[in-house]
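# Observations on the model geometry
The primary structure of each chain is shown beneath.
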Amino acid sequence: MIYNRGMKKIFRPCCLLTAALLAVVLGNAQEKTIKQVPAKPTVSIDGKSLFAQYCAVCHGANAKGGGPAASALKATPTDLTQMAIKNGGKFPEERVFKMLKGEETVAAHGSANMPIWGPVFGKSASLTMEQTRVHAMLQYLGDLQAK
Ligand code: HEC
């Protein structure tokens, strides 16, 4: 499984702090293999806290890359504030939406380091909750785009 290959790379350096952080962030998606920290079920629908909880460990608190786990990864977590600039001035909402829903993975384009988010965002308790959270995340990332 693509996801597991990624995790092995992350954990090879055996940094406890990183492991704990990742366990918190990814615990939900990886219940089977990571048990150190119980995943806190989140009911947050705030894009900023969703980002802090699920993405900041790799992409950094400000989304510019360089989160605490970044150095343990083979691929550099993308500076997510530059997505619009790299896409001709328009935030690639559709692509990010598909990534969050698990319909499109970065892995499909050759990387095993970006987790697959379908299990986290695609199977929330209710459809309404799922849509709200995905929308909140897209809104947050869209607002973050450098001009
Ligand atoms: C385990 C580390 C990790 C976590 C956690 C993580 N990412 Fe990533 N992400 C990456 C890496 C590494 C890449 C770059 C992959 C590549 O270049 O092949 C990436 C790439 C991306 C891209 C592609 C950007 C582009 O322009 O192609 C988007 C969008 C993205 N991440 C969004 C997110 C969001 C939103 C979250 C939280 C829900 C998140 N990531 C959580 C590691 C992570």
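Keep in mind that what you see is a predicted model, and the values were worked out from it rather than measured.

### A word on the overall build of the chain
Across its full length, the chain holds eight helices and zero strands. For the chain, the succession of helices and strands along the chain, N to C, is α-α-α-α-α-α-α-α. Within the chain, the proportion of its 147 residues that are buried is 43%. Counting contacts in the chain only where the partners sit at least 6 residues apart, residues at least 24 apart contribute 51% of the total. Looking at the chain as shown, the accessible area adds up to about 8300 Å², and 59% of this sits on carbon and sulfur atoms.

### Some remarks on the environment of Lys101
Along the polypeptide, Lys101 turns up in helix H6 (residues 93-101). Of the residues examined, Lys101 reaches a relative accessible area of 23% and is grouped as partly exposed. Considered as a pair, Lys101 and Val134 are 33 residues apart in the sequence and their alpha carbons are 7.8 Å apart.

### Thoughts on the packing of aromatic side chains
Summed over all chains, the structure comprises one aromatic pair. The interplanar angle of 50° and the centroid separation of 5.7 Å between the aromatic rings of Phe51 and Tyr140 together place this pair among those described as tilted. Of this pair, Phe51 sits in helix H3 (residues 47-54) while Tyr140 sits in helix H8 (residues 127-144), placing them 89 residues apart in sequence. Here Phe51 falls in the buried class, since its relative accessible area comes to 1%.

So, how was this worked out
Residues numbered from 1 in each chain as written. Predicted model: local features only at pLDDT ≥ 70, side-chain atom pairs only at ≥ 80, totals over all residues. Heavy atoms only, no water. Helix = DSSP H or I, 4+ residues; strand = E, 2+ residues; numbered from the N terminus. Buried < 20%, exposed > 50% of the residue type's maximum accessible area, 1.4 Å probe, protein only. Contact = heavy atoms within 4.5 Å. Areas by Shrake-Rupley, 256 points an atom, 1.4 Å probe, with all protein chains shown as cover. Phe/Tyr/Trp six-rings, centres within 6.5 Å; stacked < 30°, edge-to-face > 60°.

Geometry only, nothing functional implied.
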